[in-house]
Each structure stands twice: as C-alpha cells, then as structure tokens.
Amino acid sequence: MIKQEVIESILSVVRIEEVIGEFVSLKKAGNNYRGLCPFHSEKTPSFYVSPAKEIYKCFGCQRVGNAVNFLMEHEKYTYPEALKYLAAKYNIPVEETFTSEEAKKEKEEQSSIFIILNYAQQFFHDYLLNTEEGVSKGLEYFKSRGITHETIKIFGLGMSPSEKDLFTRNALQNGYLEKYLIDSGMSVKTNDGRLIDRFRERVMFPIYSITGRVLGFGGRVLGKATNEAKYINSPETPIFSKGKNLYGLNLAKNSIQKNDKCYLVEGYTDVIALYQQGFDNVVASLGTSLTEDHTRLIKRYTNNLTFIFDGDEAGIKASLRGIDIALKEEINTRIIALPENEDPDSFTKKFNVNDVRLFFKKNETDFILFKTRFLFGNKTDEPLKKAEVVRNIIKSIIQIPNFITRSNYIKELSYELSIEEDILYRELNAQLSAQKTTVSVKKSAPAETTQTQELQKHLSSTVSEQEKNIIRLLIAAGNMDYNALVKCADIIFDHISDTKWEIPEYENIYNYFFSYRQEKKDYPDIKHFIHHPDKTFQQIAAEVSFIDKGISENWSKKTGREVPVSFNFKSEIDSALKHFTLRKYQSMLKENAKKLREKKLTVEEEQHYQEVQKAIQELLVRLTSELGVVIF
C-alpha cells in the first residue's frame, strides 16, 4: 500500500490537463480544455478537462473521473500503478511496500502480464548485448541494417535465444508463473506438455503502449530455416491487439502533435530508419492494414496523415484500403510513393536526410491524384478501365462525411480525368443511394433500442432518483454553511437519519460521509470524493462538479440533451428533504391502510387507524401543495 500522505502529495501537484494531454490532443476552451474522447469514436469533440476542478468529463459517453481514474481506464493501470506513474512524472518518491516476489504473484491478470512482458524485454535486450550469440547474430544484424547502439537502447531492441526454452526456463526460475507466461504469449505448450519459447532466434522489437509499457513483441527470424515466417507478432492477449496499437507511437506522439503531422509506414525497421534520419513523427501499423482504431489513435494528436508506400505495386494495392478508413475518420490524407523496389529502410540508406526530406516534399500528393495515377497506369484511353477507376475513386470519396470536402475532391477528380462534374455527381449519388438503402436496414434495430432505453429511463425508480439527488447534494454542498449555526450535511443527516436506503451504492456514500464527520469532526469536500479510490464516489462527484454554463449550453444545442447548469444548494436541499419526507409519509399511509384492512379490529382500534390515516393524508396534501406535485 502507498501511504495516504504520499497519495495526497501526488494528487496535490498533478495537473490533469498535462496528464491527459499526453494521450489526447487538447485545445483551450474557456477555462477548460476540449478534445476528441479517447473512450469512444466521435468526430465532434465532447471530451472536456477542467484544471480548476481536476476532473474530466465526456458529454458523449458520460465518462467522468480524475487523473488517476483516467490512467486506470485508458492504460488499464491498477490504482497503485496509476499513482506510481503520476509520482514518477512529478518526481515524488514513493516508498515501495511490495517486494518483486509479491508483485509477480499479483492476482490481476493484466498486471501479471505487464510484469512478464517487461521482464521479457529486459531479458532479450540483455541477451542481445551481453551474450556471444546475441552479439554475433543479433547485434551484427542490427549493425548491417545501420541501426546504432543508441537507437537499440531507445527502442529497447533485443534478441531471443536459439535454444527453444531458454527464456521460459529463466522466467520460471525467477518466479514467474506458467499461466501468465502462456497468457502473455511469450511461451507455448507443446502437445507433449512441455513449455517452450514462442520467439526463437529472432531479433526482437518491443511494442509499447503510449506511456511506454511493453504490450507485446514483433520478432524477425535470423536463422536460415525456410519453414518459418519472416516476421511474427505476439498473439492477441488481454492487453495487446495488432489492430489497436501502432509501433513507435510512444516515441512519436509529442512530435506528431508538435508538427501536426503523422507519417505511417509498414514495418519496424522503417520506423527506426526514418527515426535515425530525424523523422520522429513516424509510426507503423504492425504488419496489418490500417484499422479504425489506428486512425482514432492518430487523430488524438493530428488530423494530418501521410502514408509512405513501398515501391512495389502489390504492397500499394494491399494498403489502399487504409486510405478509405482514414477518409472516413475525416483525416487529411496524403501519400508518398517511394521509387520501385524501395522501402523507407533501404531508401534512407541511399540518401542523406536533406535529400530524403526534399523527396518527401516533392512527391507528397493527395489521395485523389495518387489513386487516379496509380489505378490508371498507362491505360488512360481505355473507356472500361476509366469507368472502373472512377467508380473506385468515388467509392473512396463517399467515405468522407463532410459535404464540402467531398465537393472539393469531385472538382479535383473532374479536372484530373477531364470528366464533367455532373457525371461524377451522378455516380456519387448512385453509390450514396445504394449505401443509404443498406444503412437504413441496419440502423432500424438500434433506433428501436434507443426508444426502449428512453422508455426505461422515464420509468426508472423515483426512489433511486431521490437517493441519488440527496447524495449529489451531500457531496456538492455537505461542507458548506446552511446557516450561521449548521452545515448542509447536518441538515441532511438530521432529516433522513432513519431512512432505509434502497440503492446500496448511495447508502455506502452516505455512511462514509457520516462516519468521516463523526471520526474527524470535519466535512469532506467535493475534491475529497473526486480523488477517492472508489470509482462510484469519483463518478458521482465528477458529475456534480462538472457544471459549466458554456459547455452545457453548447452541448445541449449539438445533442438536444439537457445538461444541468447550476443549482441553488439551499433550495435544492429543502426540496430534496421534502421529497424524502413525502416518501416517508407515503410509506406510513400504506402501512396504516394495511392495518385498517385487518379483520378482528376493535371499534376503538379502527377509529384510531382512521384518525391516523386522516392525519397522514392532511400532511401529504400540505406537502404536495408545497412541492407542486400530484400523487394518486
């Protein structure tokens, strides 16, 4: 455990906009910052960060929290890991209370996998630099590719031994569990039950998360065997997916944001070669086609993406699908095609950095020009070929959601192919009509689901809403003065101390606040709950705290949803307590009516219950009149 005073020291210096700014491109919006939400796909920014309140909130997917919560949600850190990350960022010493053995045996699968992958990276790196096989094979290979010792260190490169189970045996001897060696993808079990290394006699390229945690590996074979794949990657694991990660992004993210541009290449050595030439805003898609998740990652840092294609026709054809995905995400997409039989690695070895930069500048074209010239080749006079190419290019253009951008590309295509715009628009509209027919069928079911959800929302428990409102007021205003003598929390406690709660989460917060007041003779403020380790506490506190008139009005206009702007806590407390009292009277009335229906009542008993019933009904009438509500 990390001591509470250390936690408070960490939280006191954290600047949430700096922490989240490492993962999301944020722009100033009044007193807050705004960006595209990293938790769901969107084109209009709905994700806000408030430095003053030390919280974030997405008005689209409703995610809320503080800096610690963000790291836990986004990077899958445990609570202690998130705190340690922030402590390291702000140079705050943290006393370790767990030994490495205890850490290895940690029950959380993700945490255990991260630990093993980190060990694997260190093992392979050490094997490369400090063993005979590593130096003679692995280091020699990197040297032949022009990769320097400094670059090897920066990228954490390594080598896996040729001995089939050397890594696995070392890991087991150091206390790592077989289950997590398999779950991490580092070891595999043979048919006869033996545990062996997945990667053997390969140079190793660690794949890192945005924050620099090892997620998996890519390995290039060194041996002469022809029955093995040249490159293999880690399998899909609870923390790694090829379609959701980009190689080199941990090193490139700041430069991408600074230059407002990202270069995308195919392989590990392409990234490294360009990095050594001074291009530090380059990433690779891990040997798979560009995915929507890839484009969303890139879009956090820039809206400008340049594909660098190898100089072979087959490779370019395979990569064209990625252009459509980028266009769909409204990314400004350009292409650089290298000379025939060249890739970034080979190209940068033949030319100096100035020549490479000049080539990139001269040969960077937008996707229309590139795709047109590539698909046509030398067959511009063949009518059928021309029609096929036009349909193909328009298929890309319709991926673009923005009508004006689409129109600009139609003009450009018209000029390039000498085809009238009207003809191109006819084809575009035909494809759009076909697409809409398909889409409408697919979207009919979700529309019904949305209506059902709205109905369920309106039929949700009044009791739940009342309890939530009381907790909201307790967190937001509990430590404020209700009058010169008492705090708002005391007023709430005095009125509902005998209430039977129906929602356990709200009861937990109520009891926590009450115990805190009793034990510390003080009242926790809203920031206490925002930084509380319990996620429910954080979420409710953040919802209460993130009340911003400008944000709320703008978001209401865009979405049609009503977002609360502000509240008068005294009048709201009075109203909430009256609603709680109303609930109490209704319960009493129901219980009394039940007794009236009992048989074998004496005349006196029946008269008594009738008088009680009348008294409760009078109280209800008076209270409902004050609240302006009608009950049946």
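Throughout, a residue's number is its position along its own chain's written sequence, starting from 1. Only residues with pLDDT of at least 70 are given local features in this predicted model, and only at 80 or more are side-chain atom pairs given and counted; all residues enter the totals for whole chains, interfaces and linings. The side-chain figures draw on all heavy atoms in the structure; neither hydrogens nor water molecules are used.

(A) Main features of a negative patch on the surface. Patch definition: residues with relative accessible area over 30% and no salt bridge; like charges joined within 9 Å; nonpolar side chains (Val, Leu, Ile, Met, Phe, Trp, Tyr) joined within 5 Å. Using a 1.4 Å probe, accessible areas were evaluated by the Shrake-Rupley method; residue-level cover was limited to the displayed protein chains. For this document, the term salt bridge refers to a Lys or Arg side-chain nitrogen within 4 Å of an Asp or Glu carboxyl oxygen. Counted as positive: Lys and Arg. Counted as negative: Asp and Glu, with His and the chain ends omitted from the count. All charge positions are set by atom: Lys at NZ, Arg at CZ, Asp at CG, Glu at CD. Taken together, the side chains of Glu591, Glu598, Glu604 and Glu605 make up a negatively charged region of the molecular surface. Counting from the N terminus, the helices are DSSP H or I runs at least four residues long and the strands are E runs at least two residues long. With respect to the helices and strands, glutamate 591 occurs in helix α27 (residues 569–596).

(B) Inspection of the sheet that holds strand β14 (residues 304–309) at higher detail. A pair of strands is labelled paired if DSSP reports no fewer than 2 bridges between them. Reading across from one edge, β13-β12-β14-β15-β16 is the order of the five strands in this open sheet, with mixed pairing throughout. Two strands close off the open sheet at either side, each with one partner strand: β13 (282–284) and β16 (365–366). Sheet topology places strand β12 (residues 262–265) next to β13; three bridges connect them, and they run parallel. Looking at the pairing, valine 265 lines up with alanine 284 of β13. In this analysis, two residues are considered to be in contact whenever any of their non-hydrogen atoms come within 4.5 Å of each other. Geometry is summarised by axes, namely lines fitted to C-alpha atoms with helices restricted to the contacting stretch, and by angles between N-to-C directions that run from 0 to 180 degrees. Its contacts with the sheet put helix α14 (residues 313–328) on β14 and β15 (332–337), and the angle it makes with β14 is roughly 175 degrees.

(C) How the structure looks around the pattern of salt bridges. In this structure the tally under the stated criterion is 29 salt bridges. Across the pair glutamate 329 and arginine 296 runs a salt bridge, and its minimum N-O distance is 3.9 Å. Taken as a pair, glutamate 329 in the loop between α14 and β15 and arginine 296 in helix α13 (residues 292–299) lie far apart in primary sequence, 33 residues in all. When a residue's accessible area, from a 1.4 Å probe over protein chains only, is under 20% of the maximum for its type it is buried; when over 50% it is exposed; and in between it is partly exposed. Owing to a relative accessible area of 4%, glutamate 329 belongs among the buried residues under this scheme. The class for arginine 296 is partly exposed, based on a relative accessible area of 27%. Note that lysine 371 is salt-bridged to aspartate 324, the shortest N-O span being 3.8 Å. Taken together, the residues lysine 371 in helix α17 (residues 367–376) and aspartate 324 in helix α14 connect sequence positions 47 residues apart. Across the pair, aspartate 324 and lysine 371 agree in class, each one buried.

(D) Broad picture of the packing of aromatic side chains. In summary, the pairing rule links any two rings of Phe, Tyr or Trp, Trp by its six-membered ring, whose centres are within 6.5 Å, and it sorts them by plane angle into stacked for under 30 degrees, edge-to-face for over 60 and tilted for everything else. Under the counting rule described, the total for this entry stands at 44 aromatic pairs. Pairing phenylalanine 39 with phenylalanine 70 gives two aromatic rings, centres 5.7 Å apart and planes at 65 degrees, and the pair type is edge-to-face. On the criterion of sequence distance, the pair formed by phenylalanine 39 in the loop between β2 (32–35) and β3 (47–50) and phenylalanine 70 in helix α3 (residues 67–74) is long-range, its members being 31 residues apart. Neither phenylalanine 39 nor phenylalanine 70 differs from the other in exposure class; each is buried. With a centroid separation of 6.0 Å and an interplanar angle of 90 degrees, the aromatic rings of phenylalanine 142 and phenylalanine 205 are classed as edge-to-face.

(E) Layout of the sheet that holds strand β1 (residues 27–29). Taking strand neighbours across the sheet as the criterion, the five strands line up as β1-β2-β3-β4-β5 in an open arrangement whose pairing is antiparallel. The sheet is open, and its two edges are formed by β1 and β5 (64–65), each paired on a single side. Two elements, strand β4 (residues 55–58) and β5, share two bridges in a ladder whose sense is antiparallel. Bridge pairing in β5 links lysine 57 to valine 64. Its contacts with the sheet put α3 on β3, β4 and β5, and the angle it makes with β4 is roughly 50 degrees.

(F) Main features of the pairing of β15. Two elements, β14 and β15, share six bridges in a ladder whose sense is parallel. When the sheet's bridge partners are listed, isoleucine 308 is paired in β15 with isoleucine 336. We call a crossover right-handed when, viewed with both strands directed away from the observer, the connection leading from the first strand over the helix to the second proceeds clockwise. Regarding the hand of the β-α-β motif, the stretch spanning β14, α14 and β15 is right-handed. Pairing geometry for β15 and β16, over two bridges, is antiparallel. Residue pairing across strands places isoleucine 335 opposite threonine 365, the latter belonging to β16.

(G) Here's a closer look at helix α19 (residues 403–417). A helix is expected to span 1.5 Å multiplied by its residue count minus one. Helix length check: α19, at 15 residues, gives a terminal C-alpha distance of 21 Å against a target of 21 Å (1.5 Å per residue), a fit within 8%. Its side-chain oxygen 3.0 Å from the backbone nitrogen of isoleucine 404, asparagine 402 forms the N-cap of α19. Taken from the residues just after α19, serine 418 is the one with a positive phi, measuring 55 degrees. Counted as a polar contact is a pair of N or O atoms within 3.5 Å, where, for protein atoms, one must be capable of donating a hydrogen and the other of accepting one, and residues adjacent in sequence contribute only when both atoms are in side chains.

(H) Molecular detail of unusual backbone geometry. Backbone geometry places serine 418, a non-glycine residue, at a positive phi of 55 degrees. Following the sequence through the fold, serine 418 ends up in the loop between α19 and α20 (421–458). Unlike most non-glycine residues, lysine 521 shows phi in positive territory, near 55 degrees.

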